[in-house]
Amino acid sequence: AITDTIAWNVLPSPLFQRLFRQDLLVASMFRNFLLADRILRSLNCTPVSHPALPPTYQHPLWEAWDLAVETCLCQIMRDGFLKGGDNVKGSVST
C-alpha cells in the first residue's frame, strides 16, 4: 500500500515496526491517519496523532495515489456509474 511505503520511508524503523507491523488494528488506524492527514491538510486542517508523526502529506508517492484515484474515477464515469459533467474540477478529458 502507498501509505505503508510512505510510512516506511519517513518513520524511524522501530516506530514503523510498532505502528504498522505489530498489530493489524493499529496499522489500519495509522494508514487511515496518513490518508486523512493528506486530505484534511488540503482543507486547512491539521490532524494530530499520538505518537506524533513527521509530516507525510507532501511525500512524492502521494502523486501515485492521486493518479490511481483519478484513473478509477474516470473509469467509473466512463462506465456510467458516476454522473459528472465536463466541468468537474480537475477532471481529465478522455
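Placed above this text is the structure.
Residues numbered from 1 in each chain as written. Predicted model: local features only at pLDDT ≥ 70, side-chain atom pairs only at ≥ 80, totals over all residues. Heavy atoms only, no water.

Chemist: Tell me about the overall build of the protein chain, and please be specific about residues and values.
Modeler: Across its full length, the protein chain carries 4 helices and 0 strands. In the protein chain, which comprises 94 residues, the share counted as buried stands at 22%. Surface summary for the protein chain: the accessible area is close to 6800 Å², and the carbon and sulfur share equals 60%. (Helix = DSSP H or I, 4+ residues; strand = E, 2+ residues; numbered from the N terminus. Buried < 20%, exposed > 50% of the residue type's maximum accessible area, 1.4 Å probe, protein only. Areas by Shrake-Rupley, 256 points an atom, 1.4 Å probe, with all protein chains shown as cover.)

Chemist: Got a sec to walk through the nonpolar core? Specific residues and values, please.
Modeler: Core analysis: the biggest nonpolar cluster contains 12 residues, these being Ile6, Ala7, Leu11, Leu15, Phe16, Leu19, Phe20, Phe30, Phe33, Leu34, Leu53 and Trp62. By residue number, the principal contributor to this core is helix α2 (residues 13–20), which donates 4 residues. Among residues more than four places away in sequence, those in contact with Ala7 are Phe16, Phe20 and Leu34. (Core = buried A, V, L, I, M, F, W, Y, C linked by side-chain atoms within 4.5 Å. Contact = heavy atoms within 4.5 Å.)

Chemist: An account of the pattern of salt bridges is needed here, citing residue identities and associated values.
Modeler: Close approach of charged atoms allows side chains of opposite charge to pair. One pass over the structure, following the stated rule, counts 4 salt bridges. Ionic pairing is found between Asp37 and Arg41, a salt bridge with its closest N-O pair at 2.7 Å. Of this pair, Asp37 and Arg41 both sit in helix α3 (residues 24–41), separated by 4 residues, roughly a single helical turn. Between Asp66 and Arg38 there is a salt bridge whose closest N-O contact spans 2.5 Å. Of this pair, Asp66 sits in helix α4 (residues 62–78) while Arg38 is found in helix α3, placing the two residues 28 residues apart along the sequence. Taken together, the salt bridges that share partners define one network made up of Asp4, Arg21 and Arg31. (Salt bridge = Lys/Arg side-chain N within 4 Å of Asp/Glu carboxyl O.)

Chemist: Summarise the state of the cysteines; cite the residues concerned and give the values.
Modeler: Using the criterion set out here, one finds 0 disulfides in the structure. Not part of a disulfide, Cys74 finds its nearest cysteine sulfur in Cys72, a span of 9.5 Å. Note on Cys74: relative accessible area 18%, which makes it buried. (Disulfide = S-S within 2.5 Å.)

Chemist: Got a sec to walk through helix α1 (residues 2–10)? Specific residues and values, please.
Modeler: Those residues of α1 that fall on the buried side of the exposure criterion are Thr3, Asp4, Ile6 and Ala7. Projected onto a plane normal to the axis of α1, the buried residues spread over an arc of 165° and lie on a single side. Tucked inside the fold, the buried residues of α1 contact α2, α3 and α4. (Arc of directions from axis to C-beta.)

Chemist: Now, about the packing of aromatic side chains: what can you tell me, with residues and values included?
Modeler: Where two aromatic rings form a pair, the distance of their centres and the angle of their planes describe that pair. This model, assessed by the stated rule, comprises 3 aromatic pairs. Where Phe20 meets Phe30, the ring centres are 6.4 Å apart and the plane angle is 55°; that geometry is what we call tilted. Of this pair, Phe20 sits in helix α2 while Phe30 sits in helix α3, and the two are 10 residues apart along the sequence. Across this residue pair, the class does not change: Phe20 and Phe30 are buried. Geometrically, the ring pair formed by Trp62 and Trp65 is edge-to-face, given 5.7 Å between the ring centres and 90° between the ring planes. Of this pair, Trp62 and Trp65 both sit in helix α4, separated by 3 residues, roughly a single helical turn. Here the aromatic cluster, defined as three or more aromatic residues joined through ring pairs, consists of Phe16, Phe20 and Phe30. (Phe/Tyr/Trp six-rings, centres within 6.5 Å; stacked < 30°, edge-to-face > 60°.)

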